[in-house]
Amino acid sequence: MRPTTGRTVTVAATQMACGWDRDANVNGVERLVRDAAARGAQIILPQELFETPYFCKDQKQDLFALAHPVEDHPVIARMSALARELSVVIPTSFFERARNAYYNSLAMIDADGTVLGVYRKSHIPDGPGYQEKYYFNPGDTGFQVYKTRYAAIGCAICWDQWFPESARAMALKGAEILFYPTAIGSEPQDGALDSQAHWTRVMQGHAGANLMPLVASNRIGREEGDTCGITFYGSSFIAGPTGELVAQADRDSETVLTASFDLDRIAAQRASWGIFRDRRPELYGPLLTLDGESPVRR
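Keep in mind the model is a prediction, meaning the values are calculated, not measured.

## A few points about the overall build of the protein
Then comes step 1: Each helix and strand counted, the protein has five helices and 16 strands in total.
Then comes step 2: Taking 2.2 N^0.38 as the reference for a compact globule, 298 residues should give roughly 19 Å; the C-alpha atoms of the protein span a radius of gyration of 19 Å, in line with that estimate.
Then comes step 3: If one aligns the C-alpha atoms of the protein with their principal axes, the spans along those axes are about 65 × 60 × 40 Å.
Then comes step 4: Buried residues in the protein amount to 53% of all 298 residues.
Then comes step 5: Intrachain contacts of the protein at a sequence separation of at least 6 include 70% that bridge at least 24 residues.
Then comes step 6: Here the protein has roughly 13300 Å² of accessible surface; of this, 51% comes from carbon and sulfur atoms.

## A few points about the pairing of strand S4 (residues 101-109)
Then comes step 1: With nine of its nine residues buried, S4 lies for the most part within the structure.
Then comes step 2: Both faces of S4 are covered, namely the face carrying Ala 101, Tyr 103, Ser 105, Ala 107 and Ile 109 and the face carrying Tyr 102, Asn 104, Leu 106 and Met 108.
Then comes step 3: Across nine bridges, the pairing between strand S3 (residues 90-98) and S4 is antiparallel. In the strand pairing of S4, Ala 98 is matched with Ala 101.
Then comes step 4: What sits between the antiparallel neighbours S3 and S4 is a turn of two residues, in which Arg 99 has the positive phi angle 55°.
Then comes step 5: Alignment of S4 against strand S5 (residues 115-120), held across five bridges, turns out to be antiparallel. Looking across to S5, one finds that Ala 107 is bridged to Val 118.
Then comes step 6: Where S4 folds back onto S5 in an antiparallel hairpin, the turn is made up of five residues, including Gly 113, whose phi is positive at roughly 90°.

## Structural notes on the UniProt feature "domain: CN hydrolase" (unreviewed entry) in the protein
Then comes step 1: With numbering matched to this structure, UniProt assigns "domain: CN hydrolase" (unreviewed entry) to residues 9-263.
Then comes step 2: Overall, residues 9-263 shows 22% helix and 31% strand. The separation of its end C-alpha atoms is 7 Å.

## Overview of the side chain of Gln 196
Then comes step 1: Tracing the sequence through the fold places Gln 196 in helix H4 (residues 196-210).
Then comes step 2: Apart from the residues within four sequence positions on either side, Gln 196 is in contact with Tyr 233, Ser 235, Gln 248 and Arg 251.

## Some points on the nonpolar core
Then comes step 1: Within the largest apolar cluster, 65 residues are counted, with the highest numbers of intra-cluster contacts made by Val 11, Ile 43, Phe 55, Phe 95, Ile 177, Phe 179 and Leu 214.
Then comes step 2: It is strand S10 (residues 177-181) that contributes the most residues to this core, four residues altogether.
Then comes step 3: Among residues more than four places away in sequence, those in contact with Val 11 are Ala 41, Ile 43, Ile 177, Phe 179, Val 215, Ile 238, Leu 257, Thr 258, Ala 259 and Phe 261.
Then comes step 4: Counting 22 residues, the second largest nonpolar core, distinct from the first, contains Ala 12, Leu 32, Ile 44 and Met 79.

## Concerning helix H5 (residues 263-273)
Then comes step 1: When we look at burial in H5, the residues that qualify are Leu 263, Ile 266 and Arg 270. Projected down its long axis, H5 carries its buried residues within an arc of 60°, all on one side. Turned more than 90 degrees away from the buried face of H5 sit Ala 271 and Ser 272, all of them exposed.
Then comes step 2: Residues of H5 that are buried in the fold lie against strand S1 (8-15), S10, H4 and strand S16 (255-262).
Then comes step 3: N-cap assignment for H5: the residue whose side-chain oxygen lies 3.1 Å from the backbone N of Asp 264 is Asp 262.

## Details of the pattern of salt bridges
Note that side chains of opposite charge can pair when their charged atoms are close.
Then comes step 1: In total, this model carries 19 salt bridges according to the counting rule given.
Then comes step 2: For Glu 51, the salt bridge identified is with Arg 22, shortest N-O distance 2.7 Å. Remark: Arg 22 occurs in helix H1 (residues 22-38) and Glu 51 occurs in the loop between strand S2 (43-45) and helix H2 (74-86); sequence separation between them is 29 residues.
Then comes step 3: Looking at Arg 22, the relative accessible area reads 28%, which means it is partly exposed.
Then comes step 4: A salt bridge links Asp 278 to Arg 277, with the nearest nitrogen and oxygen atoms 2.7 Å apart.
Then comes step 5: Residue classification places Asp 278 among the partly exposed positions, given a relative accessible area of 48%.

## Quick word on unusual backbone geometry
Then comes step 1: We note that Leu 211 has phi near 50°; this positive angle belongs to a residue other than glycine.
Then comes step 2: Its location among the elements puts Leu 211 in the loop between H4 and strand S11 (214-217).
Then comes step 3: Here the phi dihedral of Ser 235 falls at roughly 65°; this positive angle occurs in a residue that is not glycine.
Then comes step 4: Relative to the helices and strands, Ser 235 is located in the loop between strand S13 (229-233) and strand S14 (237-239).
Then comes step 5: Of the residues examined, Ser 235 reaches a relative accessible area of 2% and is grouped as buried.

## With respect to the packing of H1 against H2
Then comes step 1: The geometry of H1 relative to H2 is characterised by a closest axis approach of 11 Å and an angle of 20° between their N-to-C directions. Classified by the angle their axes make, H1 and H2 are roughly parallel. For the pair H1 and H2, the crossing hand works out as right-handed. In this structure, H1 contributes Val 26, Asn 27, Val 29, Glu 30, Val 33, Arg 34 and Ala 37 to the contact, and H2 contributes Val 75, Arg 78, Met 79, Leu 82, Glu 85 and Leu 86.
Then comes step 2: The residue makeup of the contact of H1 with H2, split by class, is eight nonpolar, one polar and four charged.

Criteria and cut-off values
- Residues numbered from 1 in each chain as written.
- Predicted model: local features only at pLDDT ≥ 70, side-chain atom pairs only at ≥ 80, totals over all residues.
- Heavy atoms only, no water.
- Helix = DSSP H or I, 4+ residues; strand = E, 2+ residues; numbered from the N terminus.
- Rg over C-alpha atoms; globule rule 2.2 N^0.38 Å.
- Buried < 20%, exposed > 50% of the residue type's maximum accessible area, 1.4 Å probe, protein only.
- Contact = heavy atoms within 4.5 Å.
- Areas by Shrake-Rupley, 256 points an atom, 1.4 Å probe, with all protein chains shown as cover.
- Pairing = 2+ DSSP bridges.
- UniProt positions renumbered as here; feature names shortened; annotations may be inferred.
- Core = buried A, V, L, I, M, F, W, Y, C linked by side-chain atoms within 4.5 Å.
- Arc of directions from axis to C-beta.
- Polar contact = N/O pair within 3.5 Å; in protein donor to acceptor, adjacent residues only side chain to side chain.
- Salt bridge = Lys/Arg side-chain N within 4 Å of Asp/Glu carboxyl O.
- Axes fitted to C-alpha atoms, helices over the stretch in contact; angles between N-to-C directions.
- Parallel < 35°, antiparallel > 145°, perpendicular 65-115°, else oblique.
- Left-handed = near helix turned anticlockwise from the far one by under 90°.
- Nonpolar A, V, L, I, M, F, W, Y, C, P; charged D, E, K, R; others polar.

Written out as structure tokens, the structure reads:
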């Protein structure tokens with residue numbers, strides 16, 4: 001019998017600027033989500049830590065007060081209500097406090113408003129303008145895949161996207177689409193360094209290597225801190241299953257991008273291509289070490 005196809009899902013990436021008016025930021029995300037839903041999007045990705053400016057430019061003790069526990073986080077409550085109203089999935093980035101631990105986290109909110117789970121960012125950067133190790137514990141959830149109403153999806157966060165192991169782990173766990181909320185822009189230590197094209201190509205590689213669509217949402221605008229400023233370069237995009245760019249925003253405009261994918265057709269393509277059939281996990285032991293050798297040299 002000939003297999004049938006046609007399980008089409010429409011996804012959206014959004015981007016916008018953020019200031020210190022937290023209500024205005026959340027209202028802005030809601031406006032973009034409503035816009036995306038009106039265009040038929042079923043899974044809609046806002047950017048990383050959209051409630052405030054990207055505060056990791058500086059090390060400031062009082063900014064820990066921005067964090068809230070999952071169960072009473074106002075942004076999660078707001079996005080849950082919105083997801084339920086519009087029947088859309090909203091992977092929602094937030095600053096999490098868990099007793100004495102703090103995480104850069106993402107709540108997977110399903111189309112009925114239910115929080116399916118929380119992913120905590122695994123790879124935490126530390127460099128000029130991106131001093132996340134001051135604020136965030138390394139995530140302890142491992143990479144997660146969530147069976148939402150419309151698709152099984154994997155989400156990782158910003159710096160996670162530079163690690164191909166993250167994407168492959170989510171693919172092995174059954175993801176059909178990969179999502180990356182992001183906050184990235186200029187490098188304060190080197191004004192000539194522009195990582196935008198590199199950033200895009202790396203994630204296109206994840207899509208192509210795993211034969212699955214990928215959605216990346218970044219912020220825009222200039223944000224000043226006490227010690228430096230960052231110009232975020234937007235360029236949010238949606239890639240198809242061979243890594244092709246299906247849609248991409250510019251560097252400085254508020255934007256909603258959408259694209260539709262037949263997940264059954266892509267699943268058949270992924271199976272026939274053989275990249276999961278021909279894997280050799282028994283040869284990948286060096287990936288479990290930092291230096292490519294045994295954990296303890298003898």
